[in-house]
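Fold and contact review
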Amino acid sequence: MRAIRARWTRSFNVAATAFFLASSCFHAHGAGQAASRDLPKLGRGINILGYDGIWEGGRNAPFRLDNLTAIRKAGFSHVRINFFGFKFMGEGNVLDEIVLRRLDAVIEEVLARNLIPIVDEHDTHVCQRDVSGCREKLRALWRQIAERYAGKYPALVFEVLNEPGGQMTSADWNSLLNECLEIIRRTNPARPVIAAVLNTDDIPVDDLALPADDRNLIVTFHYYAPIRFTHQGAPWSSTFSRIGPLDWGGPDDEAKAAADFRKMDLWAQKEKRPVYLGEFGVYERAPSDSRARYLSFMAGSADRLGWSWAYWQFDHDFAAFDSARQAWKPDILRALIPPQR
């Protein structure tokens, strides 16, 4: 997620919120849901292991595999495993077998908790700046991953690439995505696969070119708008580190998000494809009440539309879980999964 997202500057009429909320219940079991009848319902999820040392053998590794039990008990049904596979490629782009065995172990621990695992190839920083280099590595990665898991772990879901964008055009991404899908389908013809919309300001889902006869695809996008709010105080950015405190939650704020979600919903109905909100979150420097309002609105809106979603992220920054105390941050968990009455 750390790649800095684009600025969201469009303005929308407040009426969009009312329209969105009025229509959302109608669409919740509509075309997107119909398209996903033969696909797993991912439901509510959380991103894990993106910046954890588990892959290197355990140094700087706050995540404990028994945290998966806490994730399941909290009400989540899947985890998105952020895997930086390019880091562990040697000569000829061959993946390190030791790291792959660690990935096997994580997948098995996830499945043992009755959670759905998503393996998300997360090398955004490489692919956004070097399209040709990314193409070579991404094709090699999915050939190896697909062959390794062919016929194994039927609940496992593949995600081709986190946040394609940067120097990639829609044409670049469509070409590379379809090449990777072809590689995956040689050995995993029915595996659920997640394909991303190009990660730009305008969510260009209409530009996404998917094979029409492949109905085992889930379309994903990420949402951090407005980025000045969600990334306020982020120390890795010279811009955002100086911003804040900023609030969120007025009618205009909700209208902007509603209009963007409405765009995705209309596309899903037309194309009969399920939608996955694979990341959203607010950095911890934001005012806590505004942060909770934002998370509640995004998660609740996705729920009403029948979309699956995953919060960014379990630990490290944007954390929903306090690793030192081994406890959930209650305001974040309540916002994401309200207590049942």
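Here, residues in each chain are numbered from 1, in the same order as that chain's written sequence. Thresholds applied to this predicted model are a pLDDT of at least 70 for local features of residues and 80 or more for the giving and counting of side-chain atom pairs; totals over whole chains, interfaces and linings are not thresholded and use all residues. Calculation of side-chain values draws on the structure's entire complement of heavy atoms; hydrogens and water are dropped beforehand.

The way to describe two aromatic rings as a pair is by their centre distance and the angle between their planes. Pairing of aromatic side chains requires ring centres within 6.5 Å, counting the rings of Phe and Tyr and the six-membered ring of Trp. Pairs whose planes differ by under 30 degrees are stacked, by over 60 edge-to-face, and all others tilted. Counted according to the given criterion, the structure contains 26 aromatic pairs. Seen from their ring centres, Trp236 and Tyr283 are 5.5 Å apart, and the 85 degrees between their planes marks the pair as edge-to-face. One end of the pair, Trp236, is in the loop between helix 8 (227-230) and helix 9 (251-271); the other, Tyr283, is in the loop between strand 7 (275-279) and helix 10 (288-305), and 47 residues separate them in sequence. Ring centres of Phe261 and Trp307 lie 5.2 Å apart, and the angle between their planes is 45 degrees; on these two criteria the pair is classed as tilted. Of the two residues, Phe261 is situated in helix 9 and Trp307 in the loop between helix 10 and strand 8 (308-311); the sequence distance between them amounts to 46 residues. A run of DSSP states H or I qualifies as a helix once it reaches four residues; a run of E qualifies as a strand once it reaches two. Both are numbered from the N-terminal end.

We now examine the nonpolar core. What we call a nonpolar core is a set of buried Ala, Val, Leu, Ile, Met, Phe, Trp, Tyr and Cys residues that are connected through their side-chain atoms within 4.5 Å. With a 1.4 Å probe rolled over the protein chains alone, any residue whose accessible area is under 20% of its type maximum counts as buried; one over 50% counts as exposed, and the rest are partly exposed. Formed by 100 residues in total, the largest nonpolar core has its most connected members in Ile71 and Val160. The leading source of residues in this core is helix 6 (residues 131-149), at 9 residues. The residues touching Val160, leaving out its near neighbours within four places in the chain, are Glu121, Leu138, Trp142, Trp173, Leu177, Cys180, Leu181, Ile184, Val193 and Ile194. Leu39, Val157, Ile218 and Ala310 belong to the second largest nonpolar core, which has 9 residues in total. Contact criterion: two residues are considered in contact whenever any of their non-hydrogen atoms come within 4.5 Å of each other.

Two cysteine sulfur atoms form a disulfide, by the criterion used here, when they sit within 2.5 Å. In total, this model carries 1 disulfide according to the counting rule given. Each disulfide pairs two cysteine sulfurs, and for Cys127 the partner residue is Cys134, the sulfurs being separated by 2.0 Å. In this structure the cystine formed by Cys127 and Cys134 twists about its S-S bond by roughly 80 degrees; its chirality is therefore right-handed. Using a relative accessible area of 1% as the deciding quantity, one classes Cys127 as buried. Exposure remark for Cys134: the relative accessible area of 0% places this residue in the buried category. Considering cysteine sulfurs only, Cys134 is the nearest to Cys180, which forms no disulfide, with 7.7 Å between them. Looking at Cys180, the relative accessible area reads 0%, which means it is buried.

What follows deals with the pairing of strand 1 (residues 44-48). Burial within strand 1 is extensive, with 4 of its 5 residues counted as buried. Where strand 1 lies against strand 8, 3 bridges are found, and the strand directions are parallel. Following the sheet pairing, Arg44 is matched in strand 8 by Trp309. Between any two strands, at least two bridges found by DSSP are needed for them to pair. The pairing of strand 1 with strand 2 (residues 78-83) spans 4 bridges and is parallel. Residue Ile46 lies in a different strand from strand 2, and its bridge partner there is Val79. One crossover worth recording links strand 1 to the parallel strand 2 by way of helix 3 (residues 67-74), and it is right-handed. By convention, orient the strands away from the viewer: a clockwise path from the first strand over the helix to the second makes the crossover right-handed.

Any functional reading would require information beyond the geometric quantities listed.
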